[in-house]
Structures are given as structure tokens and as C-alpha cells.
Amino acid sequence: MPPLLGRRLFGYAVMVSAIVLIVVILVSGPLKAGSQQVSGAWQTLAGNPYRTAFVGDLTGNIVTPSEKWRYTPTGYYAIYANPIIVDLDGSGTSEVVAVDSSGRLSILDGQSGTLLNQPDNDFYNLAPFSTPAVGDLDNDNQPELVAGTKDGYIVAIDVETTTWSTSLLWRSPRLDSYIDTSPLIGDFDNDGRLEIVVSTRFGLVCLDGVTGRIEWKTPEGGLVFVASPALTDNFDGYLGGELVNVDGLGKIYIYNGTGGQVKNIDLWSATNLINTTLIVHSPISADIDGDGILEVIVSMGREVFDSNGRRQGFEGYITVLHLNVNPAKIELVKTTNGALFAWFSQPALAAADVDGDGKDEVFVGTADGKLFRIDEIGGGNYDVIQLTSLDSLWPQERYSTPASAIAVANIYPDAGNNYEVVAVSTDGSNGPAYKVYCIDTETGEIHWTFTLTASSLYYTKFTWPTIALGDIDGDSSLEILASAFNYLSCIDE
């Protein structure tokens with residue numbers, strides 16, 4: 001990415017590996033999408049408020065992948081929420097935080113995968129898709145983890161990093177019957193304190209970071225699936241970045257840091273799309289046209305069935321919203337014979353300037369088992385390039401349709417120093433299995449694959465993969481965390 005010149009910074013929680021403290025940098029506006037990094041650790045959802053699934057501050061050296069360690073929770077429980085990689089104790093090496101579908105919280109040693117806490121005693125009833133966010137909410141120099149629960153609360157969990165015991169700091173008022181979305185931590189109203197925002201069926205809710213009380217909530221709710229809020233640019237002059245929230249039924253809402261609505265876009269009405277075209281996952285913010293202003297990008301789509309109820313395929317779009325004009329400019333990007341539709345896997349969209357042209361390219365792992373790259377070429381026109389096909393048995397042989405989980409990083413030491421997409425996708429040819437792919441963003445070449453298998457008790461039709469990248473073992477090089485079925489795998493050279 002080119003350097004950031006003349007852009008205002010936004011307050012966000014960053015990890016500093018040399019000290020225990022998770023600090024908050026309080027400054028005045030948003031960073032450029034695709035370039036905000038969590039120093040020394042990167043979390044797919046928890047550490048990147050723009051949701052771009054890009055890590056650019058570290059590189060990897062994985063040519064021949066192998067499993068460094070594997071963690072399997074007690075019982076046959078899957079890991080759907082993205083694991084997070086973070087140096088909780090300031091030791092210079094990272095820990096891994098994972099949530100399994102039983103609702104337990106596990107904290108693992110990054111070097112060995114050894115369980116540090118006792119998850120049976122740390123049963124917080126956490127929701128299986130709610131990736132925890134990390135921040136020092138109460139300024140006690142100890143990190144807190146924030147996540148949604150199966151019974152509709154947000155909980156803040158204090159981590160005592162000497163004994164690795166955890167305790168409940170606070171529980172919010174009940175916000176919904178179930179919260180599967182992932183919270184976002186930041187100083188959204190520039191008052192010098194951290195807040196938490198989270199999407200619910202009843203609207204976007206902002207909580208005080210110290211007490212968990214509701215600071216504000218919006219009246220606009222809807223069908224949220226696992227779609228979580230994202231940060232974007234300032235469009236109304238308010239000091240700070242603004243928040244994007246989506247209703248799965250085709251609606252996009254933009255709010256400032258005090259909950260004031262800035263924009264309201266109904267994509268079904270504005271684009272004449274069929275009203276079963278859904279937004280399932282989180283929006284992302286990226287500068288796709290290189291004008292220095294962030295666009296909001298969502299994937300929306302639907303399954304197509306014949307008269308007998310048999311799936312025929314998918315119809316879907318990448319939707320680009322230019323929010324700096326009134327009314328908002330909307331561009332629909334579609335392939336000629338496929339569907340740019342990302343289903344439940346997190347994250348299924350990524351964005352980064354991988355070719356150095358000053359524009360963020362968008363990558364999407366689609367519900368029909370393909371990987372696409374999207375380039376803006378001027379005048380609202382786009383090149384849509386299929387980089388590769390990940391699973392030839394999609395979609396007819398799949399009862400459920402998770403897209404592949406993807407992230408972008410320089411993880412393979414090729415001569416051109418290109419970025420790669422790291423993807424986790426089902427492997428329909430190999431029984432109950434997933435494959436991890438390392439794919440060149442310029443050529444589509446698959447540098448390597450690594451297979452994750454499971455017992456016959458699991459089947460890929462009914463699970464969703466996740467991925468995270470970071471320096472897990474303190475060697476200043478990237479490793480991969482991928483979940484498959486009931487275990488979490490750390491992949492390294």
C-alpha cells in the first residue's frame with residue numbers, strides 16, 4: 001500500500017508487544033482501508049475495523065506447509081468464530097483466543113498450542129460466530145475480551161495473564177435473543193474512552209467500555225446473519241470515522257460515533273434487485289478507485305432453485321457504494337456465468353492494493369467454490385478475474401453453502417514478491433476434509449495446498465471454515481490458523 005499522506009488517524013486499540021498494556025491511540029479520523037495493522041499481531045475480525053482481511057506489516061516464508069500444532073476442544077464442538085492472535089501478556093509472543101460452539105473460551109500458547117486456561121471453568125455461553133474483540137477497557141493494564149452470547153448479551157471478560165484465569169468484567173443489558181455478530185472496539189465519539197458497537201436484529205448498539213451500559217442504539221434493525229459493523233470514512237464532518245451496519249434484506253446504514261444516521265440506502269429499491277437477494281456477512285471499507293476516499297463493499301446474492309426445489313446455482317453481486325456523493329452512487333459487479341456471493345464463512349471478502357496502483361483490489365471466495373479478483377479500471381468499470389476454482393463439487397453436492405474463508409498477505413517467498421490469498425475451502429474430492437490454499441494474487445497460481453481432515457462424525461456440508469494470520473510463535477514471520485470441524489490447526493513452514 002502507498003504511504004498515508006494527509007489522512008486523519010482514528011482512535012483504535014493496538015497491541016504493543018513490548019509491554020503488557022493494550023493502548024488506545026486517540027487521534028482524529030480514519031486510516032486508509034487495508035493499511036491499519038495491529039502491531040505484532042493481526043486478527044481477522046477483531047483487529048481490523050475496516051474488515052479488509054489484509055495483513056501487510058509482516059511477511060511469511062511458507063513453501064512446504066506443515067502442521068505446527070493442533071488444538072481440539074473437549075467434546076465434538078466446532079470452531080466457527082475466527083480465532084484471534086494477540087500478545088495478551090506482553091511477552092513478545094502471541095496467544096491464540098478461540099471460541100467453540102459449546103460457548104467456551106480457550107486461550108492457547110501460540111508456540112505450542114497448549115491450553116493455558118481451563119475452558120470448562122470459562123463457560124460464558126459465547127455465541128459460535130461471534131469473534132472476540134480485544135482492548136483494555138478499564139485502563140487496568142490487563143486486556144479484556146468482548147464477545148456476544150447465545151442468550152443475547154455482550155460480555156467483557158477480564159484476562160489475568162499471570163495465572164491465565166478469566167472473570168466476568170461486565171454483562172450488558174440483554175440486546176437480542178442471540179448475538180452471533182462480532183463486536184468492534186474503538187473511541188467512536190472521541191471522548192477518550194473505549195466503546196463497543198455491535199449489530200443486533202434491533203439495530204446497532206453502542207456500549208460503554210467500562211460499565212457495559214448502553215450509550216446509544218439505533219432504531220433500524222433487521223436480518224443480520226453474521227454481518228458485523230465496519231468502520232468507514234467521515235461523510236458528515238463529524239470528528240471520527242463512521243460506522244457501516246447492514247440489514248440482510250438489502251439495506252445499508254451509515255452512522256456517526258454518537259449514533260446519528262448519516263446515510264440510509266435500500267439496495268433492493270435502488271437497484272431493482274430481486275427481494276431474496278441477501279447480504280449475509282460483514283461489509284468492508286476500501287479505496288477501490290484510488291480517489292483517497294473509502295468505498296463500502298458488500299457481497300449480496302441468493303440461491304437459485306428449479307421447480308422441483310433442486311439448487312441450480314447462485315446469483316450474486318459485489319456491490320460498491322460511493323458514499324461521498326448524494327445520492328450515493330451504487331455499482332453492481334457481476335460475472336457472466338457465476339455468482340459473486342459470499343456465504344457464512346468469515347471473512348469471505350478481502351481488499352488490498354496488491355499491485356501498487358493506488359487502488360485496493362477486492363477478493364471474494366464465492367458460494368460456488370471459486371476465487372475472484374476485482375479491479376476497478378476507471379469510469380465505474382471493473383475487471384472480474386477468476387483466479388482459481390477451489391472445489392469442483394460445489395454447489396450441487398453441498399447442502400449448505402459456505403464460501404471459502406480468505407485473507408491476503410505476503411506469505412510465500414516468490415521472486416516477484418507478490419501478495420497471496422490464503423483460503424480455506426471444502427475439499428469435496430477427499431471425504432470430510434478442508435484444504436488450505438496459497439494462491440498468487442497476480443497469476444492465480446496455486447503455490448501449495450494443505451489438507452485438513454476430520455473424523456466421520458463431521459462432514460463439510462455442515463461446517464464453516466475460519467482463518468487468521470499472524471506471528472503466532474514470535475519468529476517475526478506469519479503463520480496460519482485455520483479451523484476445520486472440531487479443531488484448530490496452526491500451519492507453518
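Bear in mind that the values here come from a model prediction, so they are computed numbers and not experimental data.

> Got a minute to help me understand the pairing of strand 26 (residues 361-365) in this structure?
Side-chain positions along a regular strand alternate between the two faces of the sheet. Of all five residues in strand 26, five are buried, a share of seventy percent or more. Of the two faces of strand 26, the one carrying Glu361, Phe363 and Gly365 and the one carrying Val362 and Val364 are both buried. In this structure, strand 25 (residues 349-352) lies alongside strand 26, joined through four bridges in antiparallel fashion. Paired with Ala352 across the bridge in strand 26 is Glu361. When strand 26 meets strand 27 (residues 370-378), the two strands line up antiparallel, connected through four bridges. When the bridges of strand 27 are listed, Val362 appears paired with Ile374. Connecting the antiparallel pair strand 26 and strand 27 is a turn made up of four residues, with Gly369 showing a positive phi of about 80 degrees.

> Please explain the environment of Asp180 as it appears in this structure.
Residue placement: Asp180 occurs in the loop between strand 11 (165-171) and strand 12 (184-186). The sequence separation of Asp180 and Lys150 amounts to 30 residues, and the corresponding C-alpha distance is 7.5 Å. Not counting residues within four places of it along the chain, the set of residues in contact with Asp180 comprises Ala127, Pro128, Phe129, Ser130, Phe225 and Val226. A distance of 2.9 Å separates the side chain of Asp180 from the backbone nitrogen of Phe129, its partner in a polar contact.

> Any chance you could explain the packing of aromatic side chains here in plain terms?
Two descriptors summarise a pair of aromatic rings, namely the distance from one centre to the other and the angle between the planes of the rings. Inspection of the entire model under this criterion finds three aromatic pairs. Relative to Phe129, the ring of Tyr80 has its centre 5.1 Å away and its plane inclined at 10 degrees; by these criteria the two rings are stacked. Taken as a pair, Tyr80 in the loop between strand 4 (66-71) and strand 5 (84-86) and Phe129 in the loop between strand 7 (105-109) and strand 8 (133-135) lie far apart in primary sequence, 49 residues in all. Summarising the aromatic geometry, the rings of Tyr253 and Tyr255 are spaced 6.2 Å apart at their centres and angled 25 degrees between planes, so their arrangement reads as stacked. Each member of the pair, Tyr253 as well as Tyr255, carries the same accessibility label: buried. Its guanidinium or amino end placed over the ring of Tyr487, Arg70 lies 3.7 Å from that ring's centre, counting from NZ or CZ. Positioned above the aromatic ring of Tyr153 is the side chain of Arg171, whose terminal nitrogen or guanidinium carbon lies 5.5 Å from the ring centre.

Cut-offs used in this document
- Residues numbered from 1 in each chain as written.
- Predicted model: local features only at pLDDT ≥ 70, side-chain atom pairs only at ≥ 80, totals over all residues.
- Heavy atoms only, no water.
- Buried < 20%, exposed > 50% of the residue type's maximum accessible area, 1.4 Å probe, protein only.
- Helix = DSSP H or I, 4+ residues; strand = E, 2+ residues; numbered from the N terminus.
- Pairing = 2+ DSSP bridges.
- Contact = heavy atoms within 4.5 Å.
- Polar contact = N/O pair within 3.5 Å; in protein donor to acceptor, adjacent residues only side chain to side chain.
- Phe/Tyr/Trp six-rings, centres within 6.5 Å; stacked < 30°, edge-to-face > 60°.
- Lys NZ or Arg CZ within 6 Å of the ring centre and 35° of its normal.

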